[in-house]
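# Inside the fold
These are the residues of each chain, in order.
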Amino acid sequence: MKELLADTAARAARYIHELDRRSVVPSSESIARLESLGGPLPDNPSDPKDVLALLDDVGSPATVATTGGRYFGFVIGGTLPAALAANWLAGAWDQNAAMQVMSPVAAKAEEVVREWTLDLLGLPASSGVGFVTCTTMANFSGLAAARSALLQRSGWNVEDDGLFGALPIRVVVGAEVHVSLLKALSMVGLGRSRVTVVPADGQGRMRPDALPPLDEHTLVCIQAGNVNTGAFDPAKEICARARTAGAWVHVDGAFGLWGAVSPQYAPLLDGVNEADSWAIDCHKWLNVPYDSGIVVVRDPEHLRRALSAGDAAYLTQSAGREPWQFTPDSSRRARGIEMWAAMRSLGRRGLREMIERNCRQARLFADRLRAAGFTVLNDVVLNQVLVSFGSPDQTRRVIAGVQSDGTCWCAGTQWQGHTAMRISVSCWSTTDEDVERSVAAMIRIAKA
Ligand SMILES: Cc1ncc(COP(=O)(O)O)c(C=O)c1O
């Protein structure tokens, strides 16, 4: 075992070391070689060392260098050194994070991360928190809590009796709602099509003047950080309206909520802490390994009621916080460990600097591309940049060229009738030199 782990560590270190020199995308030959992972399942056992060697030799070259500094697709962070190392150690521990009795260390890490996260993001200190796989599941969990609370007001217990026969909940979303929020609505039985859609402005922000009348059976879903523009829905105004009407506000803050750690960007989130539930992920901007998200609910009881499993004679219940009472899963890995390591290694200042550096690098991209004659379509308020290189066909040609070139990687999008390349700067290891190299590649490809 010792030798195997040392060999694995050496292989992993080599991978990370070589990231900067390799193409961001794997070659077609590397992808073709993946076939050698398949074939019939061997009849006999293999030496774990040989298994690892095969995985590294064939698997490593076929990865996309998303953990490197020049991957700007979707919203993908890398993995901080302390988070990666903690992930290995936690893997060796093989802890089940469901219950205190199964893993005191996993439960403690969650408690600490719960406190630190609420403090860092300025969310109510007594909130309930669940550690889930991603923002989609954090949205799901927050909406389940909202559903439970809103129906309880009319004397309906949705956990016991389901949705049939319950008073309808009116769901309000912005025109730029993220598709994962709609998926979460569909999974909690609120439906993705029966929503009231509030028009958005030119940056994708929900227009508060166009909100429908709200009441105590309404769920308003707002967004902190639009996946295309990085823009924030005007939380202050919307939360104030909702508070007066007794409506519930849920915030999809996948990456944008991390802006709250910086005094420079916190004003964009003004009023966001007045909401009732929040979804955040950590595998994006906190830069921990996949899969890692957090749901926060102002009143912990709503989250617990929505997600707890009930009793079984063989399952113990301690006096403290039982992690599995706040997540859709029961057994799961101890993802709180990596979050703890990431936060502990960065500290408040390190986290703020990482967020501010990525936002500054997004502006650097925008400035350089504008100076080269291309059009930046959004106000670069956070870490997202939308660029048009001319006609839709020309922009698509540049995106395809950038993707195959391998210097960096960006994907495309449609933004309010325009074809655009999306640049999302979310990785701790991205340097200004990475940005300059990437810009140079984009300009070279666009002008070819
Ligand atoms: C605003 C927003 N919500 C939700 C998601 C989905 O996140 P996840 O893939 O972690 O479920 C994203 C992903 O980029 C996002 O930007």
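Let me sum up the structure you'll find in this document. (Residues numbered from 1 in each chain as written. Predicted model: local features only at pLDDT ≥ 70, side-chain atom pairs only at ≥ 80, totals over all residues. Heavy atoms only, no water.)

## Things to note about the sheet that holds strand E1 (residues 128-132)
- With mixed pairing, the seven strands of this open sheet are ordered in space as E1-E7-E6-E5-E4-E2-E3. Each end of this open sheet is capped by a strand with a single partner; those strands are E1 and strand E3 (196-198). Taken over all neighbouring pairs, the strand axes of this sheet differ in orientation by 20 degrees on average, direction set aside.
- Strand direction decides the pairing type here: E1 and strand E7 (residues 293-297), joined by five bridges, are antiparallel. Along E7, the bridge assignment pairs Phe131 with Ile294. (Pairing = 2+ DSSP bridges. Helix = DSSP H or I, 4+ residues; strand = E, 2+ residues; numbered from the N terminus. Axes fitted to C-alpha atoms, helices over the stretch in contact; angles between N-to-C directions.)

## Here's the deal with helix H3 (residues 48-59)
- Between the first and last C-alpha of H3 there are 15 Å, a value that for twelve residues agrees with the 16 Å anticipated at 1.5 Å per step.
- Restricting attention to buried positions, one finds in H3 the residues Ala53, Asp56, Val58 and Gly59.
- The inward-facing, buried residues of H3 abut helix H1 (2-18) and helix H2 (28-33).
- Regarding H3, its N-cap is Asp47, as a side-chain oxygen of that residue lies 2.9 Å from the backbone nitrogen of Lys49 further along. (Expected span 1.5 Å × (residues − 1). Buried < 20%, exposed > 50% of the residue type's maximum accessible area, 1.4 Å probe, protein only. Contact = heavy atoms within 4.5 Å. Polar contact = N/O pair within 3.5 Å; in protein donor to acceptor, adjacent residues only side chain to side chain.)

## A short note on the site of the ligand
- In the vicinity of the ligand, 15 residues are found, and the nearest of them are Thr136, Ser180, Asp252, His283 and Lys284.
- In this structure, Thr135 approaches the ligand through a main-chain N or O atom, which is 3.0 Å from an oxygen atom.
- Residue His283 places a side-chain N or O atom 2.9 Å away from an oxygen atom belonging to the ligand.
- When the ligand is considered free in solution it has 400 Å² of accessible area, and contact with the protein chains removes 85% of it.
- Along the lines of polarity and charge, the residues of the shell around the ligand split into five nonpolar, seven polar and three charged. (Near = heavy atom within 4 Å. Areas by Shrake-Rupley, 256 points an atom, 1.4 Å probe, with all protein chains shown as cover. Nonpolar A, V, L, I, M, F, W, Y, C, P; charged D, E, K, R; others polar.)

## Observations regarding empty space enclosed by the protein
- Scanning all chains against the criterion turns up one cavity of 30 Å³ or more.
- Estimated volume of the largest cavity: approximately 70 Å³.
- Looking at the lining of the largest cavity, the element that brings in the most residues is strand E4 (residues 218-223), giving three residues.
- Within the lining of the largest cavity, the residues separate by chemical class into six nonpolar, four polar and three charged. (1 Å grid on protein atoms, 1.4 Å probe; cavity = no way out; pocket = protein on both sides within 12 Å on 5 of 7 lines; lining within 4 Å. Points joined across faces, edges and corners; volume = space filled by probe spheres on them.)

## Overview of the packing of aromatic side chains
- This structure, assessed with the given rule, holds four aromatic pairs.
- An aromatic cluster is built from Tyr71, Phe74 and Trp409, whose rings are joined through pairwise contacts. (Phe/Tyr/Trp six-rings, centres within 6.5 Å; stacked < 30°, edge-to-face > 60°.)

## Digging into the sheet that holds strand E8 (residues 375-376)
- An order of E8-E9-E11-E10 is seen for the four strands of this open sheet, with the pairing classed as antiparallel. Of all strands in the sheet, those with a lone pairing partner are E8 and strand E10 (411-415), marking the two edges.
- As judged from the four bridges shared by strand E9 (residues 384-388) and strand E11 (residues 418-424), these two strands associate in the antiparallel manner. Across the sheet, residue Gln384 finds its bridge partner in E11, namely Ser424.
- Relative to the sheet, helix H11 (residues 336-371) contacts E8, E9 and E11, its axis offset from that of E9 by approximately 15 degrees.
- Along the sheet, helix H12 (residues 392-405) makes contact with E9, E10 and E11, crossing E11 at roughly 30 degrees.

## A short note on the pairing of E1
- Burial analysis of E1 places five of its five residues in the buried class, the great majority of the element.
- The two faces of E1 match: Gly128, Gly130 and Val132 on one face and Val129 and Phe131 on the other face are all buried.

## Observations concerning the environment of Ser154
- Note that Ser154 resides in the loop between helix H6 (135-152) and helix H7 (158-161).
- Given the relative accessible area of 32%, Ser154 is considered partly exposed.
- Put simply, Ser154 and Leu167 are 13 residues apart on the chain and 7.5 Å apart in space, counted from C-alpha to C-alpha.
- Discounting chain neighbours no more than four positions away, the residues touching Ser154 are Leu167 and His217.

## Side note on the layout of surface pockets
- By volume, the largest pocket is sized at about 930 Å³.
- Around the largest pocket, the lining is made up of 37 residues, and of these Tyr15, Ile16, Leu19, Thr67 and Leu84 lie nearest the centre.
- Broken down by secondary-structure element, the contributors of at least two residues to the lining of the largest pocket are H1, H3 and helix H4 (81-93).
- In terms of residue count, H1 provides more of the lining of the largest pocket than any other element does, six residues in total.
- For the lining of the largest pocket, a count of residues per class yields 17 nonpolar, 15 polar and five charged.
- In this structure, the second largest pocket occupies an estimated 340 Å³ of space.
- Lining the second largest pocket are 21 residues, and of these Val75, His178, Val227, Ala254 and Lys284 lie nearest its centre.
- Broken down by secondary-structure element, the contributors of at least two residues to the lining of the second largest pocket are H6 and E10.

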